[in-house]
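Below, each chain spelled out in residue letters.
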Amino acid sequence: MKQGKYLNSASRFSLITLALLLSFSSIVFAQDATTDEGAAESETTAAAQGGDAAAGKALFNANCAACHKLYSRATGPALYDVTERRDRDWLYRWIKNNKELRDSGDPEAIAIYEEYGGTAMNLFPQLTNADIDDILAYTDTPKPEPVAPANASGGAGQGGGGGVSSTIILAILAVVLVMLVAVLFLVNNTLRKFAVAQGVELPVKESRKPIWKAFVENQFLVLVSVIVLLLGGAYFAYGWMMQVGVDQGYQPIQPIHYSHRIHAGDNQIECKYCHSSARTSKTSGIPSLNVCMNCHKSISEVADQTSEFSSVTEDYSKEFYDKEIQKLYKATGWDPATQSYSGETQAVEWVRIHKLPDFAYFNHSQHVSVAGVQCQTCHGPVEEMEIMYQNAPLTMGWCINCHRETNVKMDGNPYYEKIHEELSKKYGVEQLTAAQMGGLECGKCHY
């Protein structure tokens, strides 16, 4: 009877488990079916509207992205879900020739024109209805959900395959070593006590003269040591004094984070676009915030691809960059919601990185415009720097070595043609260095 009872219990448990599995599988299949039906329905709707979102994205970037964004207001309104707010035929007329639509007295067209301060939208008569359908299909794309960054530590733990951590192994070895030292100490102490108990005389160490006393009494060693200490102290003192004013590697934190890696590297913005005075002035200059707003008036957040850099360092995520852009808006008094300046500005106290002594003269225009020296020659791989730092020592010896090793650029430079011809004969060379043209004269840099 007991065995029959157990069999019945096992059978009941098996049936319950089977029922639960069937229920779970039916729920999963139902969800999959619902998802497939939803996807099929969305595809049917898109097909009915006749729009290709992929082609529309290319058209949007080529024609609309300068003034519009999908999910936030820019120079023009946000375009996401615009087909729900406007009639499609009205959108055809507005996009192709909004001026004609306004002149016809259309109240919606006039209201949009007045809402945006009389800023007229460009005309696109070259776009066909099929092109506009593609663009509208792209504007109906829902905003993607932010993807949480993968947990690097969790992935590493899973990839370890259950192996023992090296930290644990080192801890075990340390414990074993401590135990061995303790055992040796106990054995030594026990042997000493045993020898005393048996009347064995332990060896007594003879007292020797302290080494410091022997050293003091040896006048030759004292003299040599004093000379070595004086020479060593002079060497290190000279080396330390030569580093005064040398700030190579100086990397201060700026009040608004500016990534040269993104601007000069990823976006390939020329250095002289921001530092325009380097072409014509002694200094390269600090670009005004108006230069920043030339682009960031329409760029209120970084692209999603920028978040890929957070896999290298977690300090610079998309959220971090977007907050820094908001600091720029606050300093310039720009309101992205109304696309207008409030007039309330704040000064940004930038921290200077490269600074020469007042008695040293350096002219950017002479090097950049006349000599054609690249910015990276002195400032290093700026396009790879997330935070700008001083790459070169900027010492006198560093400048002199550059003048000795750099040939004067003659192509398209008639300024140096006559003097180059005369000095080439004097030195018997075809290419002159900056040093041979007077680049080592004291008055060139010190006056």
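Because the structure is a prediction, the values reported are computed rather than measured.

About the thresholds
- Residues numbered from 1 in each chain as written.
- Predicted model: local features only at pLDDT ≥ 70, side-chain atom pairs only at ≥ 80, totals over all residues.
- Heavy atoms only, no water.
- Helix = DSSP H or I, 4+ residues; strand = E, 2+ residues; numbered from the N terminus.
- Buried < 20%, exposed > 50% of the residue type's maximum accessible area, 1.4 Å probe, protein only.
- Contact = heavy atoms within 4.5 Å.
- Areas by Shrake-Rupley, 256 points an atom, 1.4 Å probe, with all protein chains shown as cover.
- Axes fitted to C-alpha atoms, helices over the stretch in contact; angles between N-to-C directions.
- Parallel < 35°, antiparallel > 145°, perpendicular 65-115°, else oblique.
- Left-handed = near helix turned anticlockwise from the far one by under 90°.
- UniProt positions renumbered as here; feature names shortened; annotations may be inferred.
- Salt bridge = Lys/Arg side-chain N within 4 Å of Asp/Glu carboxyl O.
- pLDDT = per-residue confidence, 0-100.
- Polar contact = N/O pair within 3.5 Å; in protein donor to acceptor, adjacent residues only side chain to side chain.
- Core = buried A, V, L, I, M, F, W, Y, C linked by side-chain atoms within 4.5 Å.
- Patch = residues over 30% accessible without salt bridge, like charges linked within 9 Å, V, L, I, M, F, W, Y side chains within 5 Å.
- Disulfide = S-S within 2.5 Å.
- Phe/Tyr/Trp six-rings, centres within 6.5 Å; stacked < 30°, edge-to-face > 60°.
- Lys NZ or Arg CZ within 6 Å of the ring centre and 35° of its normal.

1. Here we look at the overall build of the protein chain
Each helix and strand counted, the protein chain has 21 helices and two strands in total. Scored against the burial criterion, the 447 residues of the protein chain give a buried share of 22%. The contacts of the protein chain with a sequence gap of at least 6 include a subset with a gap of at least 24, amounting to 64%. Summed over its atoms, the accessible surface of the protein chain is roughly 32300 Å², and 60% of this surface lies on carbon and sulfur atoms.

2. Things to note about the environment of V408
Within the fold, V408 resides in the loop between α18 (396-405) and α19 (417-427). With relative accessibility at 13%, the residue V408 sits in the buried group. Between the C-alpha atom of V408 and that of A435, which follows or precedes it by 27 residues, the distance is 9.4 Å. Setting aside residues no more than four positions away along its own chain, V408 makes contact with Y416, Q431, L432, T433, A434 and M437.

3. A few points about the packing of helix α14 (residues 289-296) against helix α15 (residues 318-332)
What describes two packed helices is the angle between their axes and the distance between those same axes. Contact geometry of α14 with α15 gives a least axis separation of 11 Å together with a crossing angle of 125°. Viewed along their axes, α14 and α15 adopt a mutual orientation that is oblique. Crossing hand, α14 versus α15: left-handed. Between α14 and α15, the residues in contact are L289, C292, M293 and H296 and I325, L328, Y329, A331 and T332, respectively.

4. A word on the UniProt feature "transmembrane region" (unreviewed entry) in the protein chain
In this structure's numbering, the residues bearing the UniProt feature "transmembrane region" (unreviewed entry) are residues 168-187 and 220-241. Secondary structure within residues 168-187 divides into 100% helix and 0% strand; the distance between the first and last C-alpha atoms comes to 29 Å. Secondary structure across residues 220-241 comprises 100% helix and 0% strand; the distance between its end C-alpha atoms is 32 Å.

5. Let's talk about the pattern of salt bridges
Tallied over the entire structure, the rule returns 11 salt bridges. Across the pair E217 and K209 runs a salt bridge whose closest N-O atoms are separated by 3.1 Å. Given the relative accessible area of 47%, E217 is considered partly exposed. Between E324 and K327 there is a salt bridge; the shortest N-O distance is 3.2 Å.

6. Thoughts on the confidence of the model for the protein chain
Per-residue confidence for the protein chain averages 82 on the pLDDT scale, and 83% of its residues sit at or above 70. Predicted confidence is poor over residues 33-48, with pLDDT under 50, and the contacts of this stretch with residues over four places away or in other chains come to one contact. Within the model, pLDDT remains below 50 along residues 151-160, and this stretch shows zero contacts once partners closer than five positions in the same chain are excluded.

7. Things to note about the side chain of H263
Along the chain, H263 falls in helix α12 (residues 260-266). At 2.7 Å, the side chain of H263 and the backbone oxygen of S259 are in polar contact.

8. Some points on helix α7 (residues 129-139)
The buried count for α7 comes to eight of 11 residues, which makes it a mostly enclosed element. All of the buried residues along α7 are I132, D133, D134, I135, L136, A137, Y138 and T139.

9. Observations concerning the nonpolar core
Grouped together as the largest cluster of nonpolar side chains are 20 residues, with contacts concentrated most on F60, W90, W94, I95, L127 and I132. Where this core is concerned, the elements lending two or more residues are α4 (88-96), α6 (107-115) and α7. Among the elements that line this core, the one with the most residues is α4, at five residues.

10. Quick notes on a nonpolar patch on the surface
A contiguous nonpolar surface patch, about 770 Å² in accessible area, is contributed by V164, I168, I169, L170, I172, L173, V176 and L180. With respect to the element layout, L170 can be found in helix α9 (residues 166-197). By relative accessible area, L170 is classed as exposed at 58%.

11. Quick look at unusual backbone geometry
A positive phi angle, near 60°, is found at D81, a position not held by glycine. Among the secondary structure elements, D81 is positioned in the loop between α2 (53-63) and α3 (82-85). When its relative accessible area of 29% is taken as the criterion, D81 is described as partly exposed. One non-glycine residue, Q339, adopts positive backbone phi at about 55°. Relative to the assigned elements, Q339 resides in the loop between β1 (334-335) and β2 (340-341). The class for Q339 is buried, based on a relative accessible area of 14%.

12. Quick look at the state of the cysteines
Under the defined criterion, the tally for this structure stands at zero disulfides. Note on C67: no disulfide assigned, nearest cysteine sulfur contributed by C64 at a separation of 8.9 Å.

13. Some details on the packing of aromatic side chains
Applying the stated criterion across every chain yields a total of eight aromatic pairs. Taken together, a centroid distance of 5.5 Å and an interplanar angle of 55° make the contact between Y71 and Y80 tilted. Residue classification places Y71 among the partly exposed positions, given a relative accessible area of 33%. Residues Y235 and F236 carry aromatic rings whose centres are separated by 5.3 Å and whose planes lie at 80° to one another, so their mutual orientation is edge-to-face. Of the two residues, Y235 and F236, both sit in the exposed class. An aromatic cluster is present here, built from Y316, F320 and Y321 joined pairwise through their rings. Between R86 and the ring centre of W90, over which it is positioned, the NZ or CZ distance is 5.4 Å. Geometry around Y113 places R102 over its ring, the cationic atom sitting 4.2 Å from the centre.

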